[in-house]
Every structure is written in C-alpha cells, then in structure tokens.
Amino acid sequence: MRSFAGRDILSLKDFERNEFFHLFEIADRLEPIARSRRSSDLLAGKILVTAFYQPSTRTRLAHETAMHRLGGQVNGFADAKVTRAGDFYQESIKDTVHMLEFYGDVIVMRHFLQGAPHEAAKWSSIPVINGGDGWGEHPTQILTDLYTVTKEMGSVDGKTFLAIGDHRMRTMHSLGYALSQFDAEMVILSPEAMSPRPEHLAELDAKGTRYRIVEHVDEAIADADVIYMEPVVQPDYTHSRDEKPSEYPTTPANYKVTQEVMKRAKSTSIVLHSLPRMDELTTDVDGLKHARYWEEAYNGVVMRMALLSSVLGAWE
Amino acid sequence: MRSFAGRDILSLKDFERNEFFHLFEIADRLEPIARSRRSSDLLAGKILVTAFYQPSTRTRLAHETAMHRLGGQVNGFADAKVTRAGDFYQESIKDTVHMLEFYGDVIVMRHFLQGAPHEAAKWSSIPVINGGDGWGEHPTQILTDLYTVTKEMGSVDGKTFLAIGDHRMRTMHSLGYALSQFDAEMVILSPEAMSPRPEHLAELDAKGTRYRIVEHVDEAIADADVIYMEPVVQPDYTHSRDEKPSEYPTTPANYKVTQEVMKRAKSTSIVLHSLPRMDELTTDVDGLKHARYWEEAYNGVVMRMALLSSVLGAWE
Amino acid sequence: MRSFAGRDILSLKDFERNEFFHLFEIADRLEPIARSRRSSDLLAGKILVTAFYQPSTRTRLAHETAMHRLGGQVNGFADAKVTRAGDFYQESIKDTVHMLEFYGDVIVMRHFLQGAPHEAAKWSSIPVINGGDGWGEHPTQILTDLYTVTKEMGSVDGKTFLAIGDHRMRTMHSLGYALSQFDAEMVILSPEAMSPRPEHLAELDAKGTRYRIVEHVDEAIADADVIYMEPVVQPDYTHSRDEKPSEYPTTPANYKVTQEVMKRAKSTSIVLHSLPRMDELTTDVDGLKHARYWEEAYNGVVMRMALLSSVLGAWE
C-alpha cells in the first residue's frame, strides 16, 4: 500500500481496497477522542490551511474540528470574497498555492472549478485535500460515508446502495469510483437532468463498478441496504428570508424517501444523507431505526481526524 | 442552586438571585487572567462552536477571547452566508444542531429568529448559549452589565436603572427579567415605537420587576444610579461608505445623554452602553467620571470566561 | 535604538537604519521555525486581534500563521461586513479600539481610510500594526520585501530599485520612506494617473531618498538590481465569474515585465511582486532565476514572526 504521509487526497478514482481499510482502522483508533470530546496532541504544532472558494459548513468545520481535537491549529478563508484570491484579480491557482503552502502543513480546498485542487497539488509542497471541486469529486465525504456503513453494518461488501440525487455532481462521482473496490452494487435513481453522463458510466464500466439505473424509488427500495441520498430538487435562485417554504419546488414522489416508503425497505437497511436536505428526505424518517445521518455527521469529524493525521505522517 | 455544568444559558427569565451572585463570584476569580492578559489551561482541550446568523463583533469576539484566554479553541461561523445552513436550503435548527454538536463542547448562537437557540438546545447534546435571538433575549450581555454595576457600585440592590432605548428588543427584555431578582427599579424611556409591548409589561408585573415609564430624560436623570443605554434612532437602510454622517437621522433631545444632561445626574451615577452607539450618547460624555462603557466592554470578556467555564463544568 | 516592545508599527517614515537591521536579525533567528514547519511556544498564551476592514489574503494569513507558529492564538474579523463596526453605525475607531484592546495582546488593522491604524494606536492600550491603510502605508509588506532583498542579495545598500506600479498607493509610499535609510536608488515607473503626488516627492526629498522618474521599462531595466512590481492596470469593476480574462484591460508594454524584457536585465537582478498580479508580470518570468516572489511570500510569514514577537516583548 502506498504511504499516506505527504499524499494528496484528490480523488477516489485511484483508491485501492486496502487503502480504504487502512483509513477505517485509523478512524477506529481515533474515534474515542471524538466520542469523549477529549483532545490529543497528535498534531500539536501542525496547521491546517482551509481554502474555501464555495460555502461549506460540514466539510470545513469537520476538518477544523478534527485539527483542533488533535491539538493542531487552523488558518485560512471560509469565503473567497474576503480574499484577494477571489476578487477581480482571479489569481491563478499556482500563485495562490505559492502563498498558501507557507501558511501551514496541509491544505483543504473547496473550489467551484473542477480540477482546482489537482492544479493546487501540482504546485504545492504540502499535501492538498479535495474538499469538493465543482462537478468533480468529494472524496472525504465518501470516505466518511463508507466508514459509516462499515461501522453500522459491518462491511461495505455485499451491500446494495440505492443512490438518489444528482449523479452529475461530485459526491455521486466519488461514490461510483469507490464502490469499484468493494463487492457492492450501485442502483442509480435521479431525474433526467441529474442522470449520469455517458462518459461517467463508461468510467464505471472500466473500473468494474456494478450499477443499474431505475426510475422510481419503489423499484429499488426493497433490495437496498444503504439508501444514499442527496437533494434532488435544488432551487436555482437565492431566496429571501421572507419567502415562504411553500414556494419552494417540491421533490416528485418517485425520488422521495418518507416514513411510508421506508415501510417497504429491508428492516436492516440504513439511510444516509450528507445534508443539508430539501424535502427529498422527510423528517418523519428521523425517528426510524434506519436513520443514520446524524451518525454520518459525527463520523465526518472522525474520518477527517484519520485523513489529516495520515497525510501529516503522524503514524509513521 | 441548580448546577451550571451542562446547562443552557437561554434566558434570564428563570435566573435566580443566587445564580447571578455565583457567576459574579466566578468572574471575580477569573478576572485577574483577563486583566494581566495571561492565559490559563482551565478549558484546555475544549472547543467553543460559534454559530452567528447575524453580524456581531462584541458578543462573538468576547466569547472567542474568553475561550482562548482559558486555553480552549474556537470553531464555527461569523456569517450565515458562508454556511450551507444560511443558504437556500434554510436548514432546520434540528439538522444544523445534529452537526454542530459534534464540532465542539459548547455552542454560542446568535439568530435573527426569536427562540432559535431554545430550539437548538432541545436537540443539542452540548450546552447552548444564547448570543442574542431576534426580538427575544440577550442574557450574556445583561449578565455582563449587572456584573459591571456590582463591580463599579458595590451592588445592583438599591439602584435605579434609567433604561433608554428599544424596549421591544432583546437586551431590554433580559434587563427587565433580571432586575426582578434585585431590589432595583427600572425607569423606561423610549420613543412610542420602541416602548414595551403590553405582554412584556405583564410579564414584568408577574415577575415583580418594579418599573415606571417616563417621556423625557430630564424626568429621571436626577434619580438614576445607572443610565443604561442603547441606540434610539436606527437607520433602516444600508448606508454607503460615501454617505455623510450628517445625513443620518438624529436622536431627539428627550432621549439623548450628553455632558450637559449629565450635569443634572447624581454624582455617583454611571453610564453603560453595550455599543455600538449612534448620537444618543455623545462623545463628550466619554471623559466624564460617569462613563463606564469601556469597563463594560472589558467585563464582557470576563463574564464569558465565567459562563463558559461554568457550563463546561470546570468548577465541579 | 528604541525598543520594539509595546511599540506600534504604523509607518516606515520614522524607521531608522538599525531598526531595520534589528528586525532582519530577529527574522533570521526565527526563520528555521518557518522553514522546518515546526512550532514554538515563544508567544504561547498571546492573542493576535485581526481587524480587516478591507479584503486581504497574504497580509492577514501571514500574521495569523506567524502567531500560530509561535504558539499564540488569533481572534478577529476578516470582513467588516460580519461586524457591527462595519455596518450602518460606522462606529468610531475610538469606540472600536476600546473593545478590540480587550480581545488580545496586539492588533493588526487593515482599513480603507488612511490613518485609521494611527487613530487606533492613539486609543489602544496594546500595540497596533498597520496592515495597510487606504492611500497611506503598508509597512509590514516593505519590511518583508527589504528582508527578502537582504537575504537574496546580501544587502539593500548599493541597489537600484525599479519600482513599477501605483505610486499613489501605500506600498510604494512605504518603499520610498524605507529606502531613505539605505544607500539605494528608487527608479519610479508608472502611468500618469499612478505617478507620485508632488507632496510625496517633497517628502522623499526631505528624507533624502534618491529617486528618478522614467517612462519606459527599457530606460531602467539594464541598471535595476531589484525590479519591484505591483499591478499597473486595475479594473475598477467587480467582475463576474463568467467574464472572460480576455475582457480585462491589459497593461501597456512600457510597464510590463516579461521574459523578453528580462533578457536586458542584469544577470544578478531579482524580481519582487507582492501579488496578486494582473498581466504586468507575465508567468513566463516564473521559471527565470530572477523570480523571487515566492520567496517573498514565504518571508512574509518570517517577518511577521519577527514583528509580532518584537512588539510583544518576547526578546526583552
């Protein structure tokens, strides 16, 4: 297995089966620190640089919390508008990285352009973690999610994932690549405009990911072990605070998971959602035994502790 | 007395007399750390989560400074626009809290909606501090202010508070509730549109807060021990940087405190203002012996040290 | 030499030769910490307050990194819009400082108004560092740059600086004042609208800075030891993300430094640019032996370590 020390985490395309297991094991080792809200000095004296060109709460704060729990510090920006990098200069990634690399020991970058973290990694003397890049990938989210499946169900192997949401977006891309390393099936459900691009399906074919496409949640709910969700309907306007929620577009029934739908699900199945959600996952599911999205949120911190400590070489 | 460990600080409605004194005593014990700009490890390994959906300087930074002075760390957001929680998803408080609770050990939340921190506390496994909620309350500000009165004048008991400002807003609400636990009188002065709502006065009656309403600062200045101020005229537009201050609306004379007005005040009286100010408190008061608003700002850090260490159980 | 402990860093107008050398020496002493990405406890328990009323990446983050590398903490704001200080109250600097001074041990302030940090220093009980004030000065940038020249070329003495950019702006002002303390010449190149104001030239005359004004890079490139650059053409609009770079205004050839122009430069000359850049410094210069702007960015952290530890009295 390739060492994680000094390594960029840009994509799950090239992640190997034993690398997933290695990170899951490190996460298990660090989990008691997060659970008991203790702190450690594993990363004392280390600095995480956050470079967020797009808004984020969970991805940014989970990385920051992981760093703080392990004794490290955080520099950076949560909003490109407060940086010169985001203003009219449209500074090149190269120029920006030849600044950020002096501000810490590892960079986590979210960018509206696909490939921006890869470009950053080309120039950076410190590891770069992809915190979500445009239409590209979101590797740390999927590592979190597969770790959650492993903890909650024992293993990713043998599981059927019903993946509902935008299959042209980064999270679903990373999921498809990752599942190629497991004995798992991906059942794809999305509106036409969010269905996987042919090039992406060709990639999945080449990697050997097993998948099939369905059109209604009822076709797949009975077989699903993991119901993996993202928003299906996304308003493309900026709402005002006075706007009534009733004016929001609503998710068609065939993409929606409700308490009623979950009656037809396997009794052992779990529901994951990286959140925030619209109405595709109704709150009446929150009280069901299937709901695991809060655990997923918690594991977001644990997996980032594993990732940051690994790329910073704390285990070598 | 109820223990402060693990307790939410949402309102002063239910605060008891000895609970105020307990916090004042803890504040006295921690004050030398703030005064000498030393640091402590009382909260080493603890993390404060700041969740500010409305702008704030003093409330947010006083909490952050308190945490840093006591050896802790800070995560969070100062601006809802950089979070997904503040964007078009309008994520529910429940969903947001089931993320934030994993990012630290205590949450301080400011929200434009009254009751948002209470809703957060309902779901959170860690204590929630109300940093100001809509038209609701602002408990940590009033704790700071009554601590200031105690330090500067020996006691809150026996004092007459002339409260000038918006009595439909959160700070005045918390003041009214708090004074019910002391032998003190509240003299209310505000324009019609900022006068207390009948329901609020009914609450004060029920709690036993002594109050009377006046219409001109001259009616009350001679009897006041504490002149407690907030802006009276608030422009409801967003100004541009080029706008001349002379174009701002001005505060009518009957709500204004000036050097001239202070000539008619008790020689022992003090002036408090949580700041920022408009022209209701003129800068020619700054040099008078009565001015205590800078001390109030300083005590803002000290009281947050007391609050954070108490709810985090550092004294048990 | 005046002690740096407790001192404000507002201007280079009054900086003396041996004070530059003193800071360069402290920087040399601290540089191994930055180079090896270690941390120190030199400033443990100290807090830096960042007060940025204008966007900044490099200045803000270099100060923050310096503080973290030396074991300190950081409070503050990166954007005036998230503070009450920046909203319609237009709080006075005096009022703001009588809050910020309680939040830490040293303040670094960037402000759109010239003189704002000087006004802050008048009221503050803790040192104030000017992080760039309107049309005023940018002392920490020029300290970084002259330290870079010293490290890369042995000395500032005997060097000719070709200064291309906006000579009505703060960075060029600080450069002109600083060079009066060295045996150096400043060759000024800028479009008419960016040429030095007569008052500024009078100041340079009074201080004894040697300068001359040229109109084309070719007049001066052969004699220059340090090519000191800033953007020459600055779009005065806020671009949208979809705008093509080709629509940006372009820098006229007589102010531009390219690989072709550098062929006529001294073989020992170096190019500095505080970045971000537009097209006045083309990327084909990046690979040349002359390019030292990445080293300059790195030294930005080192010099801020020297400054912060000095004003905080860590060396006394």
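Because the structure is a prediction, the values reported are computed rather than measured.

A.B. asks: Which residues make up the overall build of chain A, and what are the values?
C.D. replies: When you go through chain A residue by residue, the secondary structure sums to 10 helices and 9 strands. A globule of 316 residues ought to have a C-alpha radius of gyration of about 20 Å, and chain A, at 19 Å, matches this closely. In terms of principal-axis extent, the alpha carbons of chain A reach across some 55 × 45 × 40 Å. Burial status across chain A gives 56% buried among its 316 residues. Relative to all contacts within chain A whose residues are 6 or more apart in sequence, the contacts with residues 24 or more apart total 75%.

A.B. asks: Go over the sheet that holds strand β2 (residues 73-77) of chain B with me, naming the residues and quoting the values.
C.D. replies: All names here are of chain B. Strands sit in the order β2-β1-β3-β4 across an open sheet of 4 strands; the sheet is parallel. Bordering the open sheet on either side are β2 and β4 (128-133), each of which pairs with just one other strand. Here the strands of the sheet are splayed against their neighbours by 15° on average, with no regard to which way each runs. Pairing of strand β3 (residues 106-111) with β4 involves 4 bridges; the strand directions are parallel. Note on β4: the bridge partner recorded for Ile107 is Val128.

A.B. asks: Any details on the environment of Arg2 of chain C? Residues and values, ideally.
C.D. replies: Within the fold, Arg2 of chain C resides in the segment before α1 (17-35). It is 38 Å that separates the C-alpha atoms of Arg2 of chain C and Lys289 of chain C, two residues lying 287 residues apart in sequence.

A.B. asks: Lay out the sheet that holds strand β9 (residues 270-273) of chain A with the relevant residues and their values.
C.D. replies: Residue and element names in this part refer to chain A. Reading across the sheet, the 5 strands line up as β7-β6-β5-β8-β9 and stay open at both edges, with parallel pairing between neighbours. Each edge of the sheet is formed by a strand with only one pairing partner; in this case those strands are β7 (210-214) and β9. For this sheet the average axis-to-axis angle between neighbouring strands, irrespective of direction, equals 20°. Pairing analysis gives 4 bridges linking strand β8 (residues 226-229) to β9, with the strands arranged parallel. Each bridged residue has a counterpart across the sheet, and for Val226 the counterpart in β9 is Ile270.

A.B. asks: Describe in detail helix α3 (residues 93-100) of chain C, supporting the description with residues and values.
C.D. replies: Owing to its 3.6 residues per turn, the α-helix brings residues three or four apart onto one side. Across the 8 residues of α3 of chain C, 7 count as buried, placing the element largely inside the fold. Residues of α3 of chain C that are buried: Ile93, Asp95, Thr96, Val97, His98, Met99 and Leu100 of chain C.

A.B. asks: Outline the confidence of the model for chain A, supporting the account with residue identities and numerical values.
C.D. replies: Low pLDDT means the predicted atomic positions in that stretch should not be read closely. When pLDDT is averaged along chain A, the result is 93; 92% of the residues meet or exceed 70. Model confidence for the complex: the whole-complex pTM is 0.94, and ipTM, which rates the interface, is 0.93.

A.B. asks: Could you give me a rundown of the domain arrangement of chain A, with the residues and numbers involved?
C.D. replies: Size of an interface: often given as the accessible area lost when the parts come together. All names here are of chain A. Taken domain by domain, chain A comprises domain 1 (17-137 + 300-311) and domain 2 (139-232 + 250-297). On a C-alpha basis, the centres of domain 1 and domain 2 stand 25 Å from each other. The interface of domain 1 with domain 2 comprises 19 residues on the first partner and 16 residues on the second. Listed by contribution, the elements that provide at least two residues to the side of domain 1 that touches domain 2 are α1 (17-35), α2 (58-69), β4 (128-133) and α10 (293-311). Along the lines of polarity and charge, the residues of the side of domain 1 that touches domain 2 split into 8 nonpolar, 6 polar and 5 charged.

A.B. asks: Now, about the pairing of strand β2 (residues 73-77) of chain A: what can you tell me, with residues and values included?
C.D. replies: Residues and elements named next belong to chain A. Within β2, 5 of the 5 residues are buried, leaving the element largely enclosed by the surrounding structure. Burial of β2 is two-sided: the residues Gln73, Asn75 and Phe77 facing one way and the residues Val74 and Gly76 facing the other way are all buried. Direction of pairing for strand β1 (residues 47-52) relative to β2: parallel, over a ladder of 5 bridges. Bridging from a neighbouring strand, Thr50 pairs with Gly76 of β2. Handedness of the crossover joining β1 and β2 through α2 is recorded here as right-handed.

A.B. asks: A description of unusual backbone geometry should follow, citing residues and the corresponding values.
C.D. replies: Residues other than glycine predominantly adopt negative phi, and peptide bonds predominantly adopt the trans conformation. All names here are of chain A. For the bond from Leu275 to Pro276, the omega torsion is 5°, close enough to zero to count as cis. Position of Pro276 among the secondary structure elements: in the loop between β9 and α10. Located in the positive-phi region is Arg37, a residue other than glycine, with phi close to 50°. In this structure, Arg37 sits in the loop between α1 and β1. Assessed through the 16 C-beta atoms surrounding it within 10 Å, Arg37 is described here as partly exposed.

A.B. asks: Lay out the packing of helix α5 (residues 139-153) of chain C against helix α10 (residues 293-311) of chain C in plain terms, naming residues and giving numbers.
C.D. replies: Residue and element names in this part refer to chain C. Two numbers describe how α5 lies on α10: the axes approach to 8 Å, and their chain directions differ by 115°. In terms of axis orientation, α5 runs roughly perpendicular to α10. Judged by the sense of rotation from one axis to the other, the crossing of α5 with α10 is right-handed. Where α5 approaches α10, its residues Thr140, Leu143, Thr144, Asp145, Tyr147, Thr148 and Glu152 are matched on the opposing element by Glu295, Glu296, Asn299, Gly300, Met303, Arg304 and Leu307. Class assignment of the residues belonging to the contact of α5 with α10 gives a composition of 4 nonpolar, 5 polar and 5 charged.

A.B. asks: Any details on the environment of His63 of chain B? Residues and values, ideally.
C.D. replies: Residue and element names in this part refer to chain B. Tracing the backbone shows His63 in helix α2 (residues 58-69). On the basis of neighbour count, His63 is assigned to the buried category, with 28 C-beta atoms found within 10 Å. Distance from His63 to Thr282, taken between C-alpha atoms, is 28 Å for residues 219 residues apart in sequence. Setting aside anything within four residues of it in sequence, one finds His63 in contact with Leu48, Thr50, Val108 and Arg304.

A.B. asks: Go over the environment of Ala66 of chain C, please, and point to the residues and values.
C.D. replies: Residues and elements named next belong to chain C. Following the sequence through the fold, Ala66 ends up in helix α2 (residues 58-69). For Ala66, a count of 28 C-beta atoms within 10 Å puts it in the buried group. For the pair formed by Ala66 and Ala306, sequence separation is 240 residues and the distance between their alpha carbons is 8.5 Å.

Parameters at a glance
- Residues numbered from 1 in each chain as written.
- Chains lettered and ligands numbered in written order.
- Predicted model: local features only at pLDDT ≥ 70, side-chain atom pairs only at ≥ 80, totals over all residues.
- Helix = DSSP H or I, 4+ residues; strand = E, 2+ residues; numbered from the N terminus.
- Rg over C-alpha atoms; globule rule 2.2 N^0.38 Å.
- Buried ≥ 20, exposed ≤ 12 C-beta atoms within 10 Å, placed from the backbone.
- Contact = placed C-beta atoms within 7 Å.
- Pairing = 2+ DSSP bridges.
- Axes fitted to C-alpha atoms, helices over the stretch in contact; angles between N-to-C directions.
- pLDDT = per-residue confidence, 0-100.
- Domains from an automatic or database assignment.
- Nonpolar A, V, L, I, M, F, W, Y, C, P; charged D, E, K, R; others polar.
- Right-handed = clockwise from strand over helix to strand, strands pointing away.
- Parallel < 35°, antiparallel > 145°, perpendicular 65-115°, else oblique.
- Left-handed = near helix turned anticlockwise from the far one by under 90°.

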